[in-house]
Amino acid sequence: MSDGMRSILGAGPAGLTCAINLAKSGERVKVYEIRKDVGMRFHPNLQGLKYLYMPPEEFMAKMGIGARIEYRYFPKAYICTRKREIEFDMSGRPLLPFVERGGRNSLEYRLYEEALSLGVEFEFGSKRQEREVDVVASGAKRADAAAVGRIYEDTDFPRDHYLVMFDDRFSPKGWYSYIIPTGKDVVEFVTCVSKPYIPLLHKLLDKAILERRIIGDFLAGKKILASFGGAGGVWIPKTAVKEGRYYVGEAAGFQDAFMGFGITHAIRSGKFAADAMVGKGNYDAMWKREILPYMRKDFAWRFPAAILGDWVIELGMRKYSDKNRGDLSGAIPEKSWWYKPAEAICFHLEQLHYALSGSW
Ligand SMILES: Cc1cc2nc3c(=O)[nH]c(=O)nc-3n(C[C@H](O)[C@H](O)[C@H](O)COP(=O)(O)OP(=O)(O)OC[C@H]3O[C@@H](n4cnc5c(N)ncnc54)[C@H](O)[C@@H]3O)c2cc1C
């Protein structure tokens, strides 16, 4: 925009992080959101933060975010493969922090409040086009994978656990389903699949309840209170700046091809774009240094998962048994001499797999 106002399309984590950082640098900022409010993309649900490598509070501070965000942790988990159901006690080292998405208690709503306090302007119900803005943060543009979730009324699911299940019969191919207690009386049950299986998503949720006992025991016969979902698009752009416009978050293709964890990529890219726009570095150089290595890792893991399916997870979990304590870091042999070359080969094989099949 030419009136000195920086304009952003989309009020998700990527757009709002960008807006906050631009405003902190003294820029005037306006965010155009197609929906009627922030937090309307999702029915309230919990989503995990991957690739933090530091406490979430520290990560957010590094990303220029001062909003008080509530993190939820689950000390125990059921990890289910096709053959096994393993109960883990992570003894004070939970795998991931979770944040609420959707609604007024969500991550995005906290970011919105911070942006408002910094003087960022918002236009809701906006019909703006990409070509009219400086930053495109409007989320997924294509569906390489998708997830559908349902909120169920109270179940006997333990409140300090979550469940994640890798079983191709219910989440093909090499994807997963999970149950998380989202509130005092409700749990969410979500299934993620790759592109060819998207039309089957609702049937796969029902099938898991009918055919997989651990899921059925918790959810069969329970009332569905709401459902939510969406698609994720993932690709590696040559550049994320086109005709002077900055593309951030999923609008740039920044997603996790292995498990669909796009939030931290969205936040990082929003911060990097804002920095670049005020002359503090080159956006392409920043995301290629800080986001691309994670994306390459996830593409590499998608290759065996897409070809061999849940067998890959079965292999990683073979050394664990029920009542294991501690963490799961040993499931990925990252310190082995062969790991890095294997990751590089799998990354390239996955690009070839996509070129031949049209899906990750
Ligand atoms: C069911 C489900 C579960 C998920 N779970 C996880 C998880 O556990 N962990 C994780 O890291 N990731 C998860 N993800 C992915 C994560 O939600 C996204 O990667 C992340 O929200 C991307 O942020 P974003 O800001 O790029 O886009 P979005 O969050 O999609 O925000 C885009 C915003 O732009 C708005 N918009 C769209 N089009 C326009 C337009 N034309 N004009 C103006 N505004 C527009 C939208 O309404 C929205 O507010 C999940 C996704 C789904 C669907």
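Parameters and conventions
Residues numbered from 1 in each chain as written. Predicted model: local features only at pLDDT ≥ 70, side-chain atom pairs only at ≥ 80, totals over all residues. Pairing = 2+ DSSP bridges. Helix = DSSP H or I, 4+ residues; strand = E, 2+ residues; numbered from the N terminus. Axes fitted to C-alpha atoms, helices over the stretch in contact; angles between N-to-C directions. Contact = placed C-beta atoms within 7 Å. Domains from an automatic or database assignment. Nonpolar A, V, L, I, M, F, W, Y, C, P; charged D, E, K, R; others polar. Parallel < 35°, antiparallel > 145°, perpendicular 65-115°, else oblique. Left-handed = near helix turned anticlockwise from the far one by under 90°. Near = placed C-beta within 6 Å. Buried ≥ 20, exposed ≤ 12 C-beta atoms within 10 Å, placed from the backbone.

Remarks on the sheet that holds strand β5 (residues 85-89)
- The sheet built from seven strands is open, its strands ordered β5-β4-β10-β11-β12-β9-β13 with mixed pairing. Each end of this open sheet is capped by a strand with a single partner; those strands are β5 and β13 (224-232). Strand after strand, the sheet turns through a mean of 15° between neighbouring axes, direction not considered.
- Two elements, strand β10 (residues 161-165) and strand β11 (residues 177-181), share three bridges in a ladder whose sense is antiparallel. Paired with methionine 165 across the bridge in β11 is serine 177.
- Each of β9 (145-152), β11 and β12 (187-194) touches helix α4 (residues 201-211); the most contacted strand, β12, lies at about 125° to it.

Section: the sheet that holds strand β7 (residues 121-124)
- Spatially, the six strands line up as an open sheet ordered β7-β2-β1-β8-β15-β14, and their pairing is mixed. Each of the sheet's edge strands pairs with one partner strand only, and the pair in question is β7 and β14 (241-242).
- Pairing analysis gives two bridges linking β14 to strand β15 (residues 245-247), with the strands arranged antiparallel. Along β15, the bridge assignment pairs valine 241 with tyrosine 246.

Looking at the domain arrangement of the chain
- When cut into domains, the chain gives domain 1 (5-72 + 98-142 + 234-291), domain 2 (145-230) and domain 3 (294-357).
- Taken together, the residues that form the side of domain 1 that touches domain 3 break down as five nonpolar, no polar and one charged.

Examining the packing of helix α8 (residues 292-308) against helix α10 (residues 339-357)
- Orientation of α8 relative to α10, taken along the N-to-C sense of each, is 70°, at an axis distance of 7 Å. On the basis of the axis angle, α8 is roughly perpendicular to α10. In this structure, the crossing between α8 and α10 has a hand that is left-handed. Residues Arg296, Lys297, Phe299, Ala300, Arg302, Phe303, Pro304 and Ala306 of α8 pack against Glu343, Cys346, Phe347, Leu349, Glu350 and His353 of α10.
- Its residues assigned to classes, the contact of α8 with α10 shows eight nonpolar, one polar and five charged.

Re the site of the ligand
- If you check the shell around the ligand, you find 35 residues, and the closest are Gly10, Gly12, Gly139, Gly249 and Gly262.
- Elements supplying a minimum of two residues to the shell around the ligand: α1 (13-24), β2 (28-33), β3 (45-48), β9, β13 and α6 (263-277).
- Here the residues of the shell around the ligand are counted per class, giving 13 nonpolar, 16 polar and six charged.
- Each of domain 1 (5-72 + 98-142 + 234-291) and domain 2 (145-230) accounts for three or more of the residues forming the shell around the ligand.

Remarks on the environment of alanine 226
- With respect to the element layout, alanine 226 can be found in strand β13.
- Assessed through the 14 C-beta atoms surrounding it within 10 Å, alanine 226 is described here as partly exposed.
- Setting aside chain neighbours within four positions, we find alanine 226 in contact with His43 and Ile151.

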